[in-house]
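Each chain, letter by letter, is given below.
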Amino acid sequence: MKRGILVALLTVALVGTLSYTARLPAAPQQLSFFVIAHTGPGDPFWAVVNKGVNDAGKVLGVKAVFQGPASRDIPAQVNMARAAISARAAGIAISVSDPPAIGQVIRDARGKGIPVVAINVQEPADYKGEPIPYMAYIGMNEYEAGKNVARYLLPKIPQGAKVLISMHEPGHVGLEARARGIREVLTAERGAKVETLDTTQDPTKSLSTMRAFLKANPDTKALFTLGPLGAIPAIKMIREDKLAGKIVMASFDMDATTIQAIKEGLVEATVDQQQYLQGFISVVQLYLHAKYKLAPTDYNTGRGLVTKETAATVESLVKQGYR
Amino acid sequence: MRDVGDKAISGGAEAKAVKMLPAAPPERWRRLLAIRELGVLIALIALIVIFTFLQPAFLTLDTFGDILTQAAELGVAAVGVTFLMIAGEFDLSVGSTFAFAGVLLALLVTRFSVSPFLAVPAALLFAGVIGLLNGLITLATRIPSFITTLGTMMMWRGLALAITGGWPISILTASTLLDVLGGRAVYSTLRISALWLLIVTAVFWALLGKTAYGNWVFATGGKREAARALGVPVNRVKLINFSVAGVLAGTAGFLQFGRMSSMSPVWGDALALEAIAAAVIGGTSLMGGSGTIVGTILGAITMASIRVGLVMVGAPSYWYTAFLGVVIVLAVILNVKLEETFAWRR
């Protein structure tokens, strides 16, 4: 008798729970969006993305969650994405840090009807695997960013000038794309002779390599570095050899040394990836898709240039966590 | 230098026996050829002649200052590595120690506003402990130091990345600490770091060639059982040398921090293999038991000269590393051939 009551109660409870969960997706109380990266908010770069995600959630009145492992960890990222699929996310934004692994997760999500956009890292142009079905890419286009910064410096580069690109990591696909963008614009617009130097990640080697190059090519008019690792020794050289005014310089990404040099006028500009947008815009696009079926579109966040005029503002925005 | 080499082989006891070998050429030649650094010296002079011929601007004080600055950071770390290699052990983690100690110093003086008088010794001590730890693990577990330090290389690099989040730590204002470490130019492109290199070279050259401890180091790396029988505290010598390698790697990191006013957790990633290359080009044996400090410094200068020289003569940039590799192999072949041809040097 007792046993019969227990079974009956359990059955009622089970049926009740099942019918409740079954009803959930049909009438969601609040849309929830997941932004999943290969590194977590402990990294200062991703902390900015995290803020973008949170702010978008607040503005739109939806649940927007940023997730990422403490340090670069693809399996952990995959697990987080699987959890988001199980939680029936209204949309997922994910960095394609590992095309085969992340590609499979994206396919599974799309198969269950969950919209997915890529952020920060997209499917490589020469990827041989099955095409990854994300709906749009919101992040920096390295090649376009290279063209953009080269165009910005054009007025200061004379016809037929010699230009040096400091490549601190030869073979790095992103850096090579940046360099290609710069080279194409300068050769097309100025007939410039662009030399790419393997300066290594070692700053002392980098500095003496560049100095040796300038000694052999004293008519060099512009210098491009592709990130802080190239910029730090280049800025040191410009200071020491008093090259400001003789050589114009531009760089990529932001660190304390580069921003300081821009404020002093030693560096003309640096490309800002504007990763806040990668968090904010991805949530906005996924929201608009969930609400009004508007198709997400590619968004190049790498159009931002930090110049002498904006350096001080940007610096305070860095402190506030927006840049 | 000849003494050092001879002692290296004979343990210092029977240096005179060399003279009795029949194949020995006349005294004057014998002296010249007995210089253990002969191979690297020939290689370096040949390179300087070739580069100057192709680009006269190569042979200027400016260029030499740059080469010496580059050689200073590599050289200081390579002296420690050589010291350890002579004792028969390797340290692949010096690049990570370089970065971790540098990052530690940078963090102490920037984020925690610790006085440099306290921060420098503290960070150096830590670098020494990293080295000591390598030694303790290697000796206690009897795994080859090559493997121990391969592991600790990843560990300390990872920790440096973790505590900085991957970003460089910079000092943006004028700083006496940075100037003393390697910031200020002494003359033209010559920097303080070259002075530090000179000091480190002199100290360790004397330690290795002029003291009983130096003989212990050679004996430890040569015939270990014989060394033990002679009463050389083999394990203690190794532990000391592991610590020395750590301290000098940290010092090199400080020099780079001083040079750049910044310290990035990714710097020094090629240091371990370059230091071993500098030592080997300079005539240090991979088997332990022989090697010289001056040879290593010349090896470091050779490597720096190649990089600067190739840029100045306008060689295509992506070929540098390949060329460097060829020169390393050639220099070692030269060393081995000299060693064989003039076997009486042993």
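Residues numbered from 1 in each chain as written. Chains lettered and ligands numbered in written order. Predicted model: local features only at pLDDT ≥ 70, side-chain atom pairs only at ≥ 80, totals over all residues.

Structural notes on the overall build of chain B
Phase 1: Across its full length, chain B holds 15 helices and four strands.
Phase 2: Across the 346 residues of chain B, 53% fall into the buried class.
Phase 3: Sequence separation of 24 or more characterises 79% of the internal contacts of chain B that already satisfy a separation of 6 or more. (Helix = DSSP H or I, 4+ residues; strand = E, 2+ residues; numbered from the N terminus. Buried ≥ 20, exposed ≤ 12 C-beta atoms within 10 Å, placed from the backbone. Contact = placed C-beta atoms within 7 Å.)

Details of the sheet that holds strand S7 (residues 193-198) of chain A
Residues and elements named next belong to chain A.
Phase 1: One open sheet holds the six strands; their spatial order is S7-S6-S8-S9-S10-S12, and the pairing between them is mixed. Here the strands that pair on one side only, and so sit at the sheet edges, are S7 and strand S12 (304-307). Adjacent strand axes in the sheet meet at a mean angle of 20° when their direction is disregarded.
Phase 2: Contacts from helix H5 (residues 142-153) reach strand S8 (220-225), strand S9 (248-252), strand S10 (269-272) and S12, with the element oriented near 155° to S10. (Pairing = 2+ DSSP bridges. Axes fitted to C-alpha atoms, helices over the stretch in contact; angles between N-to-C directions.)

Here we look at the domain arrangement of chain A
Residue and element names in this part refer to chain A.
Phase 1: Looking at chain A, the domain boundaries give domain 1 (27-140 + 274-302) and domain 2 (142-272).
Phase 2: The C-alpha centroid of domain 2 is placed 33 Å from the C-alpha centroid of domain 1.
Phase 3: Residue-level contacts link five residues of domain 1 with six residues of domain 2.
Phase 4: A breakdown of the residues in the side of domain 1 that touches domain 2 according to their chemical character gives two nonpolar, three polar and no charged. (Domains from an automatic or database assignment. Nonpolar A, V, L, I, M, F, W, Y, C, P; charged D, E, K, R; others polar.)

Remarks on the interface of chain A and chain B
Phase 1: Listed as interface residues are 29 residues of chain A and, on the opposing side, 31 residues of chain B.
Phase 2: For the side of chain A that touches chain B, the secondary-structure elements that each account for two or more residues are S7, helix H7 (203-216), helix H8 (228-240) and helix H9 (256-264) of chain A.
Phase 3: For the side of chain A that touches chain B, the leading source of residues is H7(A), giving 10 residues.
Phase 4: Across the side of chain A that touches chain B, the residue classes break down as 12 nonpolar, nine polar and eight charged.

Quick notes on unusual backbone geometry
Peptide bonds are, in most cases, trans, and in most cases residues other than glycine have a negative phi.
Residue and element names in this part refer to chain A.
Phase 1: Positive phi outside glycine occurs at Thr200, with the angle close to 65°.
Phase 2: Here Thr200 shows up in the loop between S7 and H7.
Phase 3: With a phi close to 50°, Lys242 is a non-glycine residue in the positive phi region.
Phase 4: Mapped onto the fold, Lys242 is located in the loop between H8 and S9.

Comments concerning the nonpolar core
Residue and element names in this part refer to chain B.
Phase 1: Core analysis: the largest hydrophobic core is formed by 149 residues, its most contacted members being Val76, Ala77, Val81, Leu105, Leu248 and Ala275.
Phase 2: It is helix H4 (residues 61-86) that contributes the most residues to this core, 15 residues altogether.
Phase 3: What Val76 contacts, discounting residues up to four positions off in sequence, is Trp196, Leu197, Val200, Leu248, Thr251, Ala252 and Leu255. (Core = buried A, V, L, I, M, F, W, Y, C linked by C-beta atoms within 7 Å.)

Some details on H4(B)
Residues and elements named next belong to chain B.
Phase 1: Maximal helix bending in H4 amounts to about 35°, located at Ala72.
Phase 2: Of all the 26 residues making up H4, 24 are buried; the element is thus mostly covered by neighbouring parts of the structure.
Phase 3: Directly after H4, the chain includes Gly88, whose backbone phi takes a positive value near 90°. (Bend = angle between axes of the 7 residues up to and from the residue.)

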